[in-house]
Amino acid sequence: MASDRTDFYSFADANGLRDDDAQKAVDEVNARVVAEGLEVVRISFVDPHGILRGKTITADGLDSAFRNGITMPSSLLLKDTSNATVFPVWSEDAGFGAGRMTGAEDIVMIPDPGSFKVLPWSPHTGWMLADLYHSDGAPVSISTRGILKDAVSRLDAAGYTFTAGLELEFHVLRITNSRLEYSDGGMPPSVPDTQLLTHGFRYLSEDSYDALEDVFDDLRRAAQALGLPMRSMEVEFGPSQCEITLQPANGIAQADNAILFRSMAKQVCRRKGLHATFMCRPRFEGAMASGWHLHQSLSDKKTGENVFIPNKGETISPLCGHWIAGLLAHAEESCILTTPTVNGYKRYRPFVMAPDRIQWGHDNRGAMLRALAAPGNPASRVENRVGEPAANPYLYLASQILSGLDGLEKQLTPAAPVEKPYDSDASTLPRSLGDALKAFTGGNFYRECLGESFVNYIKILKSAEWARYQSAVSEWEEREYFSIF
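Residue numbers run consecutively from 1 along every chain, following the written order of its sequence. In view of the model being predicted, local features appear only for residues whose pLDDT reaches at least 70, and side-chain atom pairs are presented and counted only at 80 or more, with totals across whole chains, interfaces and linings using the full set of residues. To get the side-chain values, take all heavy atoms of the structure and skip hydrogens and water.

A separate point is the overall build of the chain. Labels follow the DSSP assignment, with helices taken as runs of H or I lasting at least four residues and strands as runs of E lasting at least two, numbered in each case from the N terminus. Helix and strand counts for the chain stand at 13 helices and 15 strands. Radius of gyration here is computed from C-alpha atoms only, and the compact-globule reference equals 2.2 Å multiplied by the residue count raised to the power 0.38. Its C-alpha atoms give the chain a radius of gyration of 23 Å, within 12% of the compact-globule value 23 Å for 485 residues. By its C-alpha atoms, the chain is 70 × 60 × 50 Å across when sized along the principal axes. When contacts within the chain are restricted to residue pairs at least 6 apart in sequence, those whose partners lie at least 24 apart make up 70%. Here the accessible surface of atoms and residues is derived via Shrake-Rupley with a 1.4 Å probe, and residues count as covered only by protein chains that are part of the display. Surface summary for the chain: the accessible area is close to 21800 Å², and the carbon and sulfur share equals 50%. What makes two residues a contact is simply this: any of their non-hydrogen atoms within 4.5 Å.

The next point concerns the nonpolar core. Inside soluble globular proteins, nonpolar side chains tend to come together where they are buried. The term nonpolar core refers to a set of buried residues drawn from Ala, Val, Leu, Ile, Met, Phe, Trp, Tyr and Cys, joined through side-chain atoms within 4.5 Å. Partly exposed describes any residue whose relative accessible area lies between the buried limit of under 20% and the exposed limit of over 50%, with all areas from a 1.4 Å probe on protein chains only and scaled to the type maximum. Counting 123 residues, the largest nonpolar core has Leu77, Phe261 and Tyr457 as its most contacted members. Counting residues per element, this core draws most heavily on helix 6 (residues 251-271), which supplies 10 residues.

With that settled, consider the packing of helix 8 (residues 331-338) against helix 10 (residues 433-442). Look at helix 8 against helix 10: their axes get within 7 Å of each other, and the N-to-C directions meet at 120°. Between helix 8 and helix 10, the angle falls in the class oblique. Crossing of helix 8 over helix 10 shows left-handed handedness. Together, Glu332, Glu333, Cys335, Ile336 and Leu337 of helix 8 and Leu433, Ala436, Leu437, Ala439 and Phe440 of helix 10 make up the contact between the two elements. Angles shown run from 0 to 180 degrees and are taken between the N-to-C directions of axes, each axis being a line fitted to C-alpha atoms and, for helices, limited to the stretch in contact. Note on terminology: angles under 35 degrees are roughly parallel, angles over 145 are roughly antiparallel, angles of 65 to 115 are roughly perpendicular, and the others are oblique. Crossings are assigned a handedness: left-handed for a near helix turned anticlockwise from the far helix by less than a right angle, right-handed for a clockwise turn.

Here the focus is a nonpolar patch on the surface. What goes into a patch is any residue over 30% in relative accessible area without a salt bridge, connected to like charges within 9 Å or, for nonpolar side chains (Val, Leu, Ile, Met, Phe, Trp, Tyr), within 5 Å. A side-chain nitrogen of Lys or Arg and a carboxyl oxygen of Asp or Glu constitute a salt bridge if their distance falls within 4 Å. A cluster of nonpolar residues, Phe201, Tyr203, Leu204, Phe237 and Met353, forms a patch on the protein surface that exposes about 490 Å² of accessible area. Structurally, Phe237 is set in the loop between strand 9 (230-235) and strand 10 (241-250). A relative accessible area of 36% means that Phe237 is categorised as partly exposed.

A cis geometry characterises the amide bond from Met187 onward to Pro188, with omega recorded as 0°. Locating Pro188 in the fold gives a position in the loop between strand 7 (160-177) and strand 8 (193-195). Of note, the phi angle at Arg179 is positive, near 55°, even though the residue is not glycine. Checked against the element boundaries, Arg179 lands in the loop between strand 7 and strand 8. The residue Phe201 is not glycine, and still its phi comes out positive at about 65°. Mapped onto the elements, Phe201 comes out in the loop between strand 8 and helix 5 (206-225).

Next up on the list: the packing of aromatic side chains. Note on aromatic contacts: the rings of Phe and Tyr and the six-membered ring of Trp form a pair at centre separations within 6.5 Å, being stacked when their planes are under 30 degrees apart, edge-to-face when over 60 apart, and tilted otherwise. Counting across every chain of the model gives 18 aromatic pairs. On the basis of an interplanar angle of 80° and a centroid distance of 5.3 Å, the ring pair of Phe201 and Phe237 is categorised as edge-to-face. In this pair, Phe201 sits in the loop between strand 8 and helix 5 while Phe237 sits in the loop between strand 9 and strand 10, placing the two residues 36 residues apart along the sequence. Cluster of aromatic residues (ring-pair linked, three or more members): Phe87, Phe96 and Tyr457.

The subject of this paragraph is helix 2 (residues 20-35). The length a helix should cover is 1.5 Å for every residue beyond the first. Under the 1.5 Å per step criterion, the end-to-end length of helix 2 is 22 Å for 16 residues, consistent within 8% with the ideal 22 Å. Restricting attention to buried positions, one finds in helix 2 the residues Gln23, Val26, Val29, Asn30 and Val33. The arc that holds the buried residues of helix 2, viewed along the axis, is 120°, so those residues lie on one side. In this structure, helix 2 carries Asp20, Asp21, Lys24 and Ala35 as exposed residues pointing more than 90 degrees from its buried face. Those residues of helix 2 that are buried are in contact with strand 1 (40-46), helix 3 (62-68) and strand 6 (125-134). As used in this structure description, the phrase polar contact means that two N or O atoms lie within 3.5 Å; if the pair is within protein, one of them must be able to donate a hydrogen and the other to accept it, and residues adjacent in sequence are counted only when both atoms belong to side chains. Of the residues that open helix 2, the one with a side-chain oxygen 3.2 Å from the backbone nitrogen of Asp21 is Asp19. Phi turns positive, to about 65°, at Gly37, one or two residues after helix 2. In this context, the arc is that of the directions from the helix axis out to the C-beta atoms.

Let us now look at the pattern of salt bridges. Tallied over the full model, the rule gives 24 salt bridges. One salt bridge connects Asp256 with Arg145, and the closest N-O pair in it is separated by 2.8 Å. Placement of the pair is Asp256 in helix 6 and Arg145 in helix 4 (residues 144-157), with a sequence separation of 111 residues. For the pair Asp256 and Arg145, one class covers both residues: buried. Between Asp156 and Lys301 there is a salt bridge; the shortest N-O distance is 2.6 Å. Taken as a pair, Asp156 in helix 4 and Lys301 in the loop between strand 12 (292-300) and helix 7 (318-329) lie far apart in primary sequence, 145 residues in all. Classification of Asp156 by relative accessible area gives partly exposed; the value is 37%.

Right, let's talk about the confidence of the model for the chain for a bit. Looking at the chain as a whole, its pLDDT mean stands at 95, while 98% of the residues score no less than 70. Every residue in residues 1-7 is under pLDDT 50, and counting partners more than four places away or in other chains gives 16 contacts. Values of pLDDT, which run from 0 to 100, indicate the predictor's confidence residue by residue.

All right, on to helix 6 then. For helix 6, with 21 residues, the first-to-last C-alpha span of 31 Å sits near the 30 Å given by 1.5 Å per residue. Counting buried positions along helix 6 yields 17 of 21 residues, so the element is predominantly enclosed. Within two residues after helix 6, Gly273 carries a phi angle of roughly 80°, on the positive side.

His residues and chain termini do not enter the charge count, which takes Lys and Arg as positive and Asp and Glu as negative. By convention, the charge on Lys lies at NZ, on Arg at CZ, on Asp at CG and on Glu at CD. A cluster of acidic residues, Glu206, Asp207, Asp210 and Asp214, forms a negative patch at the surface. Take Asp210: it is sitting in helix 5. Given a relative accessible area of 53%, Asp210 falls into the exposed group.

Here is the structure:
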């Protein structure tokens, strides 16, 4: 399956998308597909909500996909979380300039050979992430993987490498009714009926872990077979609530890991009659909200030294302080990227080890930022506890890099750390998606970093979601008013 690049037109070569190293990686993937007898390869990109979409091709079509990409309708980037297209794609200008992203025109997926995996739950299937380009070879500017790559490049130019460790909380439930009657289809469709696997409220209980061991084993084995840097599997506080942690990794790699873990968990569980959900706070009695805690540090590109390690007599290093100050300064505007769903704002409550204000502390789980640093500790880092597990990993990590880098460049200084995080006068986090949207669109930070077009893109996507939520009649409203009035 190796290609003779002189015999065929190649979209990738014509647009300078592949150098000799990339061609070597392509040839290695082609050879592996043949050697392992794979039948199909899934090629996927990440939509703005952090959901994988793509096409499955036969193995003998892979080399063509590497050379010329695979086309997809551009409208897949223009849908809200109900899967409705919310941009005027049938007009002359859909919001990206005349003739750009209109008419559901093609975009081109170029597979990234460095992301190649064989899916252990579907061993005849290969899998790759793709980067997105317009038909003229220009990168798709609203591709979230591309946005993180650009942020990493900016930090690289400043002389630093970003390292992230992940803690992802989620729920696994048993499906009792898949809800697949004709009436259950829709945008969005009916959700499955489920029941608990554990009762909950026995945080880190070994007996609860034993009850979930089969689930954890299936997820761990699949993750390890995919090469994901698994660190731990833990029983969380709520009913049927789980947590996994990943070993630290750099930049794009860790965002790719998060995307792949979430997709793997949902698919492996579904095949076992289970439902894995990364929705922040599911609607069942006793449900506890899930978070995504993002550990982060910087290392000097020349020396490899962790620049967050404080010197003797310091609690945090000066560079760590600048980084913390940048995260705090832009936390409100960043919430639409770290907590992008209506549901995620139901987590920001006091006294539940979740943040509700924009502040930092030393090893304090009630603060938004938790500084875990000590002289001589090579793992010195900052933990941001603001995110929800449904966040798009590329936008979450990009928001941290861009905010922290701004703190470094402006040498911002953080306020004093808090000791009583739920009894402070710090500014509160946004109370709703609507508040977060106002902060994002009303500020200038992301306009300056990512451009007016990107801000308007997120505004339209999330405004559609918020408007649908506001117009829906909730169970609370019906119970509160239907009988009494």
